[in-house]
Amino acid sequence: MMVDHIDEAANEFVWKKGSALISVCRSGESWTVEYVTTSRLLGPRQSQYVATHRQAKFAAWDVMARVINACHDEEEGMEVAMRAAQWMRRAGA
């Protein structure tokens, strides 16, 4: 797996590679997926995408789509989505 960093802290799941940062966190009864980028040209962190999902399954699919969009690697997107789904099961219990 070619991941720079995955943080499975208690309150959020974070995937980071290069200037892309994708996070999932619990927001009451729903899950929030956020895609943030940073670069020399863009300056400080800028939110590129934010979505809220009632079902963890849809949040995991969203994470997969954002990771594939960020790194252009479908296998990595699948692996990160599976790890995010496992984290969401533990966090939702």
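Our structure is the block above this text.
Residues numbered from 1 in each chain as written. Predicted model: local features only at pLDDT ≥ 70, side-chain atom pairs only at ≥ 80, totals over all residues. Heavy atoms only, no water.

Draft legend 1. Seen up close, the overall build of the protein. Counting its regular elements, the protein contains two helices and five strands. Buried positions account for 37% of the 93 residues belonging to the protein. Once local pairs closer than 6 in sequence are excluded, the contacts in the protein between residues at least 24 apart make up 37%. (Helix = DSSP H or I, 4+ residues; strand = E, 2+ residues; numbered from the N terminus. Buried < 20%, exposed > 50% of the residue type's maximum accessible area, 1.4 Å probe, protein only. Contact = heavy atoms within 4.5 Å.)

Draft legend 2. Quick peek at helix α2 (residues 74–92). Between its first and last C-alpha, α2 extends 26 Å over 19 residues, near the 27 Å set by a 1.5 Å rise per residue. Residues of α2 that are buried include every one of Glu76, Gly77, Val80, Ala81, Ala84, Ala85, Trp87 and Met88, and no others. At the N-terminal boundary of α2, the capping side chain belongs to Asp73, with an oxygen 3.2 Å from the backbone nitrogen of Glu75. (Expected span 1.5 Å × (residues − 1). Polar contact = N/O pair within 3.5 Å; in protein donor to acceptor, adjacent residues only side chain to side chain.)

Draft legend 3. Representation of the nonpolar core within the structure. One finds Phe13, Trp15, Val24, Val63, Val67 and Met88 to be the most contacted residues of the largest nonpolar core, which totals 18 residues. Those elements that provide at least two residues to this core are β2 (12–17), β3 (20–27), β4 (30–39), α1 (56–71) and α2. (Core = buried A, V, L, I, M, F, W, Y, C linked by side-chain atoms within 4.5 Å.)

Draft legend 4. Local environment of the side chain of His53. Among the secondary structure elements, His53 is positioned in strand β5 (residues 43–53). A polar atom in the side chain of His53 sits 2.7 Å from the side chain of Asp62. With sequence-adjacent residues up to four places away left out, His53 is seen in contact with Ser30, Trp31, Val33, Phe58, Ala59 and Asp62.

Draft legend 5. Representation of the environment of Ile68 within the structure. Checked against the element boundaries, Ile68 lands in helix α1. For Ile68 and Val80, which are twelve residues apart along the polypeptide, the C-alpha to C-alpha distance reads 9.7 Å. When near neighbours in sequence (up to four residues on either side) are disregarded, Ile68 contacts Asp73, Glu74 and Gly77.

Draft legend 6. Highlighting the packing of aromatic side chains. Per the stated rule, a full pass over the model turns up three aromatic pairs. On the basis of an interplanar angle of 45° and a centroid distance of 6.3 Å, the ring pair of Phe13 and Trp87 is categorised as tilted. Of this pair, Phe13 sits in strand β2 while Trp87 sits in helix α2, and the two are 74 residues apart along the sequence. Residue Phe13 shares its accessibility class with Trp87, and that shared class is buried. Grouping aromatic residues by their ring pairs yields a cluster made of Phe13, Trp31 and Trp87. The ring of Tyr49 carries Arg66 above its face, with NZ or CZ at 3.8 Å from the centroid. (Phe/Tyr/Trp six-rings, centres within 6.5 Å; stacked < 30°, edge-to-face > 60°. Lys NZ or Arg CZ within 6 Å of the ring centre and 35° of its normal.)

Draft legend 7. Expanded view of the environment of Val14. Within the secondary structure, Val14 sits in strand β2. Taking relative accessible area as the criterion, Val14 reaches 9% and is therefore assigned buried. Each C-alpha atom, one on Val14 and one on Ala84, is 8.6 Å from the other, the two residues being 70 residues apart in sequence.

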